[in-house]
Amino acid sequence: FWPRVWAMFSALFRAPMELAERVPVTRGFSAPWRFQLVLSIPLFLLMLVIVGIFGVLMTVVSLQATRHGAGEPPAWLFALMPLVYLVILPLMQFLNMFIIGALSHGSLWLWGGLKESRGLHASIRLTGYFLAFFMLVGFIPLIGSLAALAGRAADPADRTAAWASA
């Protein structure tokens, strides 16, 4: 599986038209969507942790607010946030594949870039594969941010004053 992913990734940047030619036009939309889901697993896990932490914090805040008589939403609602996220993100990926694919197809049609043998379904399938790589590459800045935060947490001494005086 991973050698094919690397081959598609390199074809996307070396010869995108070759990749577009290789996308089958006779199959359904489940293969690009599954490909998106597999390549989005790191992002799913990271966002699940973030949403889970936020859900726990909001649950604690909500429980404190209800103790003091404030009319806040029930605490269990915030605890469901990670589960809702796990359902909504794959559905949004599926919808984005169709919306962005249709917009790309329309743009290609408008500027005369469509091939006679390729229809809307080919544009949607190709968009699905592209979005899978987009999700994976979009994870790189998050890794950098987390590494910076981890480095900051590992070295809590603030060296800003020392750098400013030098």
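Residues numbered from 1 in each chain as written. Predicted model: local features only at pLDDT ≥ 70, side-chain atom pairs only at ≥ 80, totals over all residues. Heavy atoms only, no water.

Draft legend 1. Representation of the packing of helix α6 (residues 81-110) against helix α7 (residues 120-137) within the structure. Packing of α6 against α7 leaves a shortest axis separation of 8 Å and a crossing angle of 125 degrees. By the angle between their directions, the pair α6 and α7 is classed as oblique. In the crossing of α6 with α7, the sense of the turn from one axis to the other is right-handed. In this structure, α6 uses Gln93, Asn96, Met97, Phe98, Ile100, Gly101, Ala102, Ser104 and His105 to contact α7, whose residues at the interface are Leu120, Ser123, Ile124, Thr127, Gly128, Leu131 and Met135. Partitioning the contact of α6 with α7 into residue classes produces eight nonpolar, eight polar and no charged. (Axes fitted to C-alpha atoms, helices over the stretch in contact; angles between N-to-C directions. Helix = DSSP H or I, 4+ residues; strand = E, 2+ residues; numbered from the N terminus. Parallel < 35°, antiparallel > 145°, perpendicular 65-115°, else oblique. Left-handed = near helix turned anticlockwise from the far one by under 90°. Contact = heavy atoms within 4.5 Å. Nonpolar A, V, L, I, M, F, W, Y, C, P; charged D, E, K, R; others polar.)

Draft legend 2. Focus on the nonpolar core. Formed by 13 residues in total, the largest nonpolar core has its most connected members in Val5, Met8, Leu19, Phe35, Leu39, Tyr129 and Phe133. Mapped onto this core, the elements with two or more residues apiece are α1 (2-14), α3 (30-39) and α7. Of all the elements, α1 adds the most residues to this core, at five residues. Beyond its immediate stretch of four places on either side in the chain, leucine 39 contacts Trp2, Val5, Ala132, Phe133 and Leu136. (Core = buried A, V, L, I, M, F, W, Y, C linked by side-chain atoms within 4.5 Å. Buried < 20%, exposed > 50% of the residue type's maximum accessible area, 1.4 Å probe, protein only.)

Draft legend 3. Molecular detail of the environment of tyrosine 129. Mapping tyrosine 129 onto the fold places it in helix α7. The class of tyrosine 129 is buried, set by a relative accessible area of 11%. In this structure tyrosine 129 touches Met8, Val23, Ala31, Pro32 and Phe35, once residues within four positions along its chain are discounted.

Draft legend 4. Spotlight on α6. Between its terminal C-alpha atoms α6 stretches 41 Å, which fits the 44 Å expected from 30 residues at 1.5 Å a residue. What α6 keeps buried is the set Pro82, Tyr85, Leu89, Pro90, Gln93, Met97, Gly101 and His105. A positive backbone phi angle near 75 degrees is found at glycine 112, which sits one or two residues after α6. (Expected span 1.5 Å × (residues − 1).)

Draft legend 5. Fine view of the side chain of serine 123. Relative to the helices and strands, serine 123 is located in helix α7. Relative accessible area serves as the criterion here: at 11%, serine 123 is assigned to the buried category.

Draft legend 6. Up close: the packing of aromatic side chains. Enumeration over the complete set of coordinates arrives at six aromatic pairs. Look at phenylalanine 29 and phenylalanine 98: their rings are 4.8 Å apart centre to centre, the planes differ by 70 degrees, and that puts the pair in the edge-to-face class. In this pair, phenylalanine 29 sits in the loop between α2 (16-22) and α3 while phenylalanine 98 sits in helix α6, placing the two residues 69 residues apart along the sequence. On the accessibility criterion, phenylalanine 29 (24% relative accessible area) is partly exposed. Residue classification places phenylalanine 98 among the partly exposed positions, given a relative accessible area of 25%. Pairwise contacts between aromatic rings join Phe29, Trp33, Phe94 and Phe98 into one cluster. (Phe/Tyr/Trp six-rings, centres within 6.5 Å; stacked < 30°, edge-to-face > 60°.)

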